[in-house]
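Chains, contacts and geometry: an overview
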Amino acid sequence: MQDLQQMSIRYRKYILFLLSIYVLGWGFTPYQSVFLGLILGTIISLYNLWIMVRRSNRFTKAVEEGTKVRSLGTFNRMASAALVVYIALQYPDKIHLYSAILGLMTIYIVIIIDYFFQLIHRGEER
């Protein structure tokens, strides 16, 4: 369980770093709609990470206690992704749709990259 907490803290740091880059891109480049889409999608991606970690903690606790678990929050994560697409479709001049979708996938990209960094780091310790 502690490992999950450490990973989620690392992921949040990476996401917040990316969000700061996106905000700078939104403020200082002519591609404001692209960066706004990335910002919106990445914020919801961070929210999805929070939901996933919270539900995983509940799942682990329920398994240890032998109680029943409802779900891991898949519906909430899908609904939040649909909300991003809906917002992007409502304001196509302000928010770039494909960037918003890419922003939604940010947490998964971060997880994959972090996995490889941790794999390399563990290989160097041996």
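Everything that follows concerns the structure shown earlier in this document.
A brief look at the structure comes next. Owing to the predicted nature of the structure, the values given are computational and were not obtained by experimental measurement.

Let's talk about helix α2 (residues 32–65)
Three- or four-residue spacings in an α-helix give side chains the same orientation, since the helix completes a turn every 3.6 residues. The end-to-end C-alpha distance of α2, which contains 34 residues, comes to 49 Å, matching closely the 50 Å that a straight helix rising 1.5 Å per residue would cover. Two residues or fewer past α2, Gly 66 is found with a positive phi of approximately 80°.

Details of the environment of Leu 104
By the secondary structure assignment, Leu 104 is in helix α4 (residues 97–104). Residue classification places Leu 104 among the buried residues on the basis of a relative accessible area of 11%. As a C-alpha pair, Leu 104 and Glu 64 span 40 residues in sequence and 32 Å in three-dimensional space. When neighbours within four sequence positions are excluded, Leu 104 is seen to be in contact with Gly 41, Thr 42, Ile 44, Ser 45, Ala 81 and Val 84.

Considerations on the packing of aromatic side chains
In the structure shown here, the tally under the stated rule is 3 aromatic pairs. An angle of 35° between the planes, with centres 6.0 Å apart, marks the rings of Tyr 47 and Trp 50 as tilted. Linking Tyr 47 with Trp 50, this pair stays in helix α2, spanning 3 residues, or about one helical turn. A relative accessible area of 47% means that Trp 50 is categorised as partly exposed. Ring geometry for Tyr 115 against Phe 116: centres 5.5 Å apart, planes inclined by 65°, an arrangement best described as edge-to-face. A relative accessible area of 45% places Phe 116 in the partly exposed class. Arg 54 extends its terminal NZ or CZ atom over the ring of Trp 50, reaching a point 4.6 Å from the ring centre.

Cut-offs applied
- In this convention, every chain numbers its residues from 1, walking through the sequence in written order.
- Reporting of local features is limited, given that this is a predicted model, to residues whose pLDDT is at least 70; pairs of side-chain atoms are given and counted only at 80 or more, and all residues count toward the totals for whole chains, interfaces and linings.
- The side-chain quantities take in all heavy atoms of the structure and omit both hydrogens and water.
- A run of H or I in DSSP counts as a helix once it spans at least four residues, and a run of E counts as a strand once it spans at least two, with each numbered from the N terminus.
- Here the expected span of a helix is defined as 1.5 Å times the quantity of residues minus one.
- Note on exposure labels: buried denotes an accessible area under 20% of the residue type's maximum, exposed denotes more than 50%, and partly exposed covers the range between, all computed with a 1.4 Å probe on protein chains only.
- Two residues form a contact once any of their heavy atoms are found within 4.5 Å.
- For Phe, Tyr and Trp, where Trp contributes only its six-membered ring, two rings pair if their centres lie within 6.5 Å, and the inter-plane angle classes them as stacked under 30 degrees, edge-to-face over 60, or tilted in between.
- Charge over a ring is defined by NZ of Lys or CZ of Arg lying within 6 Å of the ring centre and within 35 degrees of the ring normal.

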